Amino acid sequence: MNGSDLDAPFHGVRIRTEPPTESESASDDPYERQRRGRISRARQYAPRLHTGHVFSHETAAAIWGAPLPLVFDSFGRIAEAEDLELHVCAVGPAPVPRAAGVTRHKTYASLTVPDEHDGLRVPSPAATWVQLGRLALKDIVAAGDYFCRKWRPGYGRPNAGKPPLAEIDELRTLLEAGRRRGAARLRTALDLIREDSWSPRESAVRIILVAAGLPEPRLNIDVFDDDGRFLGCVDMAYPERKIAIEYLGMLHGESWARDVERIARLRAAGWNVLEVTSPLLKHPDELVRRVTAALAAFK
């Protein structure tokens, strides 16, 4: 190994230059690429992390696997790992981090709960969530939905009985423990967090509908026909009106075929299935119009 084999992502840190793995470079999901990029930067910095410091804010959220909004560079392109902020927080009397390339924070020990995940020091899930107050409301809610998801039993559902990473009451307790950036948004978000939301796009659709004054749909319910045959699990539904709302993300191969067949079964059983795509989500007024029309058409 010589100098050409080494990279210096942070002062005092030398790592061997390695090409990205196939899984790191081939992901079609930009959200997943940025999540992995944040974690990669945290691992690069980890050797010089002070014992009184934790990775925090969006960095900690990524380490826990929570959804985050996409970040773009100054040219409007999806930011690469090296352009993403690395958040490090000093807890209690520990000195503020001074390393170049680090976004520095400091907090009282009473306002955070140190934890560890996947070998990296972070605040607890609840303590991480209350650090996200600078994000947009929909993104704060999506992160809260993720941390508080309860893995309920159901037809073919994975991890039934797995405990949530955090309880809503834990989020509330830490929010009220002291001053928080974006406290008003965090309080608003608390009332919008649900324990049955499975994806940030589902969270976004739900928030749009509720903000427009529409009834709140039920989340991820199993649907059966009149003979008791399982038809599928739907993202959101008004079951008494047989209206389902399905968010269609990036579908490929077998996943696309399964969704097509599931939606066909629901429609054959008399369900009105409204499909929400990424372009439609960018036009919330049209989304609200379609759901309103479906609700009005129910006899």
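Up top is the structure these notes are about.
Since the model is a prediction, treat every value here as computed from it, not as a measurement.

What follows concerns the side chain of D235. Relative to the helices and strands, D235 resides in strand 9 (residues 230-238). In this structure, D235 is buried with no salt-bridge partner, the nearest side chain bearing the opposite charge being R262 at 5.5 Å.

Next up on the list: the environment of V291. Position of V291 among the secondary structure elements: in helix 11 (residues 284-297). By relative accessible area, V291 is classed as buried at 1%. Separated by 47 residues in the primary sequence, V291 and A244 place their C-alpha atoms 9.6 Å from one another. In this view, V291 contacts L209, L214, Y238, I245 and L274; residues no more than four positions away in its chain are not counted.

Note: strands within a sheet are paired through backbone hydrogen bonds, in either parallel or antiparallel orientation. Here three strands make up an open sheet; going across it, the order is 3-4-5 and the pairing mixed. Strand pairing shows two members of the sheet lacking a second neighbour, strand 3 (53-55) and strand 5 (102-107), which therefore form its edges. Taking the axes of each pair of neighbouring strands and ignoring which way they run, one obtains an average angle of 30 degrees across the sheet. Bridge analysis of strand 4 (residues 86-91) against strand 5 gives six bridges, and the strand direction is parallel. Within the sheet, the bridge partner assigned to L86 lies in strand 5 and is V102. Here helix 2 (residues 30-45) sits on the sheet in contact with strand 3, strand 4 and strand 5, set at roughly 50 degrees to strand 4. Sheet strands in contact with helix 3 (residues 57-64) are strand 3, strand 4 and strand 5, and its direction is about 105 degrees off that of strand 4.

This next bit is on helix 7 (residues 183-190). Burial in helix 7 covers these residues: A183, L186, A189 and L190. Within helix 7, the buried residues cover an arc of 120 degrees as seen down the axis, which keeps them to one side. Contact partners of the buried residues in helix 7: helix 4 (125-129), helix 5 (137-148) and helix 6 (168-175).

The next point concerns the environment of L266. By the secondary structure assignment, L266 is in helix 9 (residues 253-268). Spatially, the C-alpha atom of L266 lies 8.6 Å from that of A244, the residues being 22 residues apart in sequence.

Bringing unusual backbone geometry into the picture now. Glycine aside, a negative phi is what most residues show, and trans is what most peptide bonds show. Although it is not a glycine, N159 adopts a positive phi angle of roughly 60 degrees. Residue position: N159 is located in the loop between helix 5 and helix 6. Its relative accessible area of 44% is what places N159 among the partly exposed residues. If you check the backbone angles, N220 has positive phi at about 45 degrees while not being a glycine. Relative to the helices and strands, N220 resides in strand 8 (residues 218-224).

All told, the structure shown has four aromatic pairs when counted by the stated rule. Look at F224 and F230: their rings are 5.5 Å apart centre to centre, the planes differ by 65 degrees, and that puts the pair in the edge-to-face class. Residue F224 is classed as partly exposed on the basis of its relative accessible area of 42%. Taking relative accessible area as the criterion, F230 reaches 23% and is therefore assigned partly exposed. Within the aromatic cluster, the residues linked to one another by ring pairs are Y155, F224 and F230.

Okay, the pattern of salt bridges next. According to the stated counting rule, one finds 23 salt bridges in the structure shown. The shortest N-O distance in the salt bridge between D169 and R172 comes to 3.2 Å. On the criterion of helical spacing, the pair formed by D169 and R172 is a turn pair, its members being three residues apart in helix 6. Residue classification places R172 among the partly exposed positions, given a relative accessible area of 33%. The partner of D225 in a salt bridge is R229, with the nearest N and O atoms 3.0 Å apart.

What counts and how
Residues numbered from 1 in each chain as written. Predicted model: local features only at pLDDT ≥ 70, side-chain atom pairs only at ≥ 80, totals over all residues. Heavy atoms only, no water. Helix = DSSP H or I, 4+ residues; strand = E, 2+ residues; numbered from the N terminus. Buried < 20%, exposed > 50% of the residue type's maximum accessible area, 1.4 Å probe, protein only. Lys, Arg positive; Asp, Glu negative; His and termini not counted. Salt bridge = Lys/Arg side-chain N within 4 Å of Asp/Glu carboxyl O. Contact = heavy atoms within 4.5 Å. Pairing = 2+ DSSP bridges. Axes fitted to C-alpha atoms, helices over the stretch in contact; angles between N-to-C directions. Arc of directions from axis to C-beta. Phe/Tyr/Trp six-rings, centres within 6.5 Å; stacked < 30°, edge-to-face > 60°.

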